[in-house]
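As a plain string of letters, each chain reads:
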Amino acid sequence: PSDSGLQPGTLIEPARQRAPGTAMIAIDAISKWYGDFRVLHECTTAVAKGEVVVVCGPSGSGKSTLIKCVNALEPFQKGQITVDGTKIADKATNLPKLRSRVGMVFQHFELFPHLSITDNLTIAQRKVLGRPKEEAHKRGLDLLARVGLSAHAKKFPGQLSGGQQQRVAIARALAMNPVVMLFDEPTSALDPEMVGEVLDVMVELAREGMTMMVVTHEMGFARKVADRVIFMDQGEIVEDAGKDDFFGKPRSERAQTFLSKIL
Ligand code: ADP
Ligand code: MG
């Protein structure tokens, strides 16, 4: 077991594991404007089932907006995004149902502060998926054990460290049996000594074959588990390359300059 106290077992179901060649997320020429300001410009990429894609780029380049579009938390004006075969811009698409299948972990942990850890882990399972109480508890507590936090089930979020809260947030998302997991700078609000314990859980998830799109500047994580790295600048996908090509030498000068600043 690692420092994070990760326990043996699995975080995801076999049905969610790697299947190369099966597109899980297809982002097809999407553009988005806030008024006159073009925040995304003709972004196109795809994430295969079980693939881990790291998204990086300067602040304000559109990374958060792009992954919020994948979860239908932000509308876009042009293009199409398909998640596990469902076109999210189709009028007929049931967005709450789609969102329940896409796990999302944000920079700020966003646990419900007034609910216990157990209730945080079970409320969406019960209200959105309609799982019986017993089943929701079992799933939630199994995942809490997996991220090494069994002892904290009865506590409230404010009683946990930032790193612990973020591990609960990951467990809470996994409890919904998502088809993909989206992360938006999950470690950037943490004290440095807590970054590792959260990355450990994400590495484990990647190794189990979860489909992941991860906005992060943790290039150690990218080197360890990413299949591909996307570099964004000014709303465009400037680079979309295999990990080795990206770290070997990015093609664009903008990506080279960015890497030289953060590495
Ligand atoms: P990143 O995550 O790469 O830092 P964001 O996706 O958050 O970038 O933002 C991209 C750009 O869109 C930024 O210039 C930001 O100021 C702008 N932006 C984000 N949200 C809004 C909004 N709700 N209204 C107007 N502009 C926004
Ligand atoms: Mg952002």
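Note on numbering: residues in each chain are counted from 1, in written sequence order. Chain letters start at A and ligand numbers start at 1, both assigned in the order the entries are written. Note on the predicted model: pLDDT of at least 70 is required for a residue's local features to be given, and 80 or more for side-chain atom pairs to be given and counted; whole-chain, interface and lining totals, by contrast, use all residues. Only heavy atoms go into the side-chain values, all of them from the structure, while hydrogens and water stay out.

A.B. asks: Which residues make up the packing of helix α3 (residues 117–127) against helix α5 (residues 162–174), and what values go with them?
C.D. replies: Note on geometry: axes are C-alpha line fits, over the in-contact stretch for helices, and angles between N-to-C directions span 0 to 180 degrees. We count a stretch as a helix when DSSP gives it H or I for four or more residues in a row; a strand needs E for two or more, and each element gets its number in order from the N terminus. Taken N-terminus to C-terminus, the directions of α3 and α5 make an angle of 25 degrees; their axes are 8 Å apart at the nearest point. Considered as vectors, α3 and α5 are oriented roughly parallel to each other. Remark: the crossing between α3 and α5 carries right-handed chirality. Here α3 contributes Ile117, Asn120 and Leu121 to the contact with α5, which in turn contributes Val168, Ala171 and Arg172. The nonpolar class holds Ala, Val, Leu, Ile, Met, Phe, Trp, Tyr, Cys and Pro. Asp, Glu, Lys and Arg form the charged class, and all remaining residues, Gly among them, are polar. The class makeup of the residues in the contact of α3 with α5 is four nonpolar, one polar and one charged. Should an angle fall under 35 degrees it is taken as roughly parallel, and over 145 as roughly antiparallel, whereas 65 to 115 is taken as roughly perpendicular and any remaining angle as oblique. The hand of a helix crossing depends on one turn: near helix anticlockwise from the far one by less than a right angle means left-handed, and clockwise means right-handed. A contact between two residues is defined here by any heavy atoms of the two lying within 4.5 Å.

A.B. asks: Please set out the site of ligand 1 residue by residue, giving values where relevant.
C.D. replies: Lining the immediate surroundings of ligand 1 are Tyr34, Phe37, Val39, Pro58, Ser59, Gly60, Ser61, Gly62, Lys63, Ser64 and Thr65. Taking Gly62, its main chain carries an N or O atom lying 3.0 Å from an oxygen atom of ligand 1. Burial of ligand 1 by the surrounding chains reaches 59%, relative to a free accessible area of 560 Å². The set of elements that each furnish at least two residues to the shell around ligand 1 consists of β2 (37–49) and α1 (63–70). It is α1 that provides the largest number of residues to the shell around ligand 1, a total of three residues. When grouped by side-chain class, the residues that make up the shell around ligand 1 number four nonpolar, six polar and one charged. Whether a residue is near a molecule or strand depends on its heavy atoms: if one lies within 4 Å, it is near. Here a polar contact is recorded for every N or O atom pair within 3.5 Å, except that within protein the pair must consist of a potential hydrogen donor and a potential acceptor, and residues adjacent in sequence are included only if both atoms are side-chain atoms. The Shrake-Rupley method, run with a 1.4 Å probe, gives the accessible areas here. Residue values count only the displayed protein chains as cover.

A.B. asks: For the sheet that holds strand β10 (residues 236–242), give the residues involved together with the corresponding values.
C.D. replies: Note on pairing: two strands pair once DSSP finds at least 2 bridges between them. Judged by pairing direction, the sheet is mixed, and its six strands sit side by side in the order β6-β7-β8-β3-β9-β10 without closing on themselves. In the strand order of this sheet, the two ends are held by β6 (102–105) and β10, each with one partner. Strand-to-strand twist in this sheet, taken as the mean axis angle between neighbours without regard to direction, amounts to 15 degrees. With six bridges joining them, strand β9 (residues 228–233) and β10 adopt antiparallel strand pairing. Across the sheet, Asp233 pairs through a bridge with Glu236, a residue of β10. In the packing of helix α9 (residues 253–262) onto the sheet, the strands contacted are β3 (52–56), β9 and β10, and the crossing angle to β9 comes to about 100 degrees.

A.B. asks: Could you give me a rundown of the layout of surface pockets, with the residues and numbers involved?
C.D. replies: One number sums up the size of the largest pocket: a volume of about 470 Å³. Cavities and pockets were defined on a 1 Å grid built over protein atoms only: a cavity is a set of grid points that admits a 1.4 Å probe from which the probe cannot escape, a pocket is an open set flanked by protein on both sides within 12 Å along at least five of seven lines, and lining residues are those with an atom within 4 Å of any such point. Considering the residues around the largest pocket, the lining is formed by 20 residues, among which Val102, Met104, Ala124, Arg172 and Ala173 are closest to the centre. Looking at the lining of the largest pocket, the elements that each hand over two or more residues are α2 (95–100), β6, α3 and α5. The dominant element in the lining of the largest pocket, judged by the number of residues it contributes, is β6, at four residues. For the lining of the largest pocket, the per-class residue count stands at 13 nonpolar, four polar and three charged. Grid points are joined across faces, edges and corners, and a volume is the space filled by probe spheres set on the points. The volume enclosed by the second largest pocket comes to roughly 160 Å³. Ser59, Gly60, Lys63, Ser64 and Glu185 are, among the 13 residues lining the second largest pocket, the residues nearest its centre.

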